[in-house]
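# Observations on the three-dimensional arrangement
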Amino acid sequence: MSAPTRFEGSFLGDDSRIADDTRLECKICWYVYDPTVGDSVWQIPPGTPFSQLPDHWKCPECDGPRQQFMVLADD
């Protein structure tokens, strides 16, 4: 059995690997989830960390699953 594929910036579905203020980007459509903004489509209030999003949350732009998001490096 081979090891799971890993890529730079991936949190690999492990919420404990990301800080509460981390911004993440959808690798399908490039939508950025910013916890300071939240998500008006899913009625997620500002200040909600990515790790606290509900399990059923998906990208509001392309409906991609949350496991498809990549950690954005600090600018």
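Structure's up top.
The structure reproduced in this document is the subject of the present report.

### Quick look at the pattern of salt bridges
With the rule as written, the count across this model stands at 1 salt bridge. One salt bridge in this structure joins Arg-66 and Asp-15, with 3.5 Å as the shortest N-O distance. Pair noted here: Arg-66 is in the loop between strand E2 (32-33) and strand E3 (69-71) and Asp-15 is in the segment before strand E1 (24-26), with a separation of 51 residues, a long-range link. With a relative accessible area of 6%, Arg-66 lands in the buried category.

### Things to note about the packing of aromatic side chains
Per the stated rule, a full pass over the model turns up 5 aromatic pairs. Judged by centre distance (5.8 Å) and plane angle (80°), the rings of Phe-50 and Trp-57 are edge-to-face. This pair shows no difference in class: Phe-50 is buried, exactly as Trp-57 is. Ring geometry for Trp-57 against Phe-69: centres 5.3 Å apart, planes inclined by 55°, an arrangement best described as tilted. Taken together, the positions of Trp-57 in the loop between E2 and E3 and Phe-69 in strand E3 put the pair 12 residues apart, joining distant regions of the chain. Taken together, the ring pairs connect Tyr-33, Phe-50, Trp-57 and Phe-69 into an aromatic cluster.

The rules behind each value
Once a new chain begins, its residue numbering starts again from 1 and follows that chain's sequence as written. Reporting in this predicted model follows two pLDDT cut-offs: at least 70 for local features of residues, and 80 or more for side-chain atom pairs to be given and counted; totals over whole chains, interfaces and linings ignore these cut-offs and use all residues. Hydrogens and waters are ignored; side-chain quantities use all the structure's heavy atoms. One side-chain nitrogen of Lys or Arg within 4 Å of one carboxyl oxygen of Asp or Glu is enough to make a salt bridge. Secondary structure follows DSSP: runs of H or I at least 4 residues long count as helices, runs of E at least 2 residues long count as strands, and numbering of each begins at the N terminus. Accessible area is worked out with a 1.4 Å probe on protein chains only. A residue is then buried under 20% of its type maximum, exposed over 50%, and partly exposed in between. Two rings from Phe, Tyr or Trp (for Trp, the six-membered ring) form a pair when their centres are within 6.5 Å of each other. A pair whose planes differ by under 30 degrees is stacked, one over 60 is edge-to-face, and the rest are tilted.

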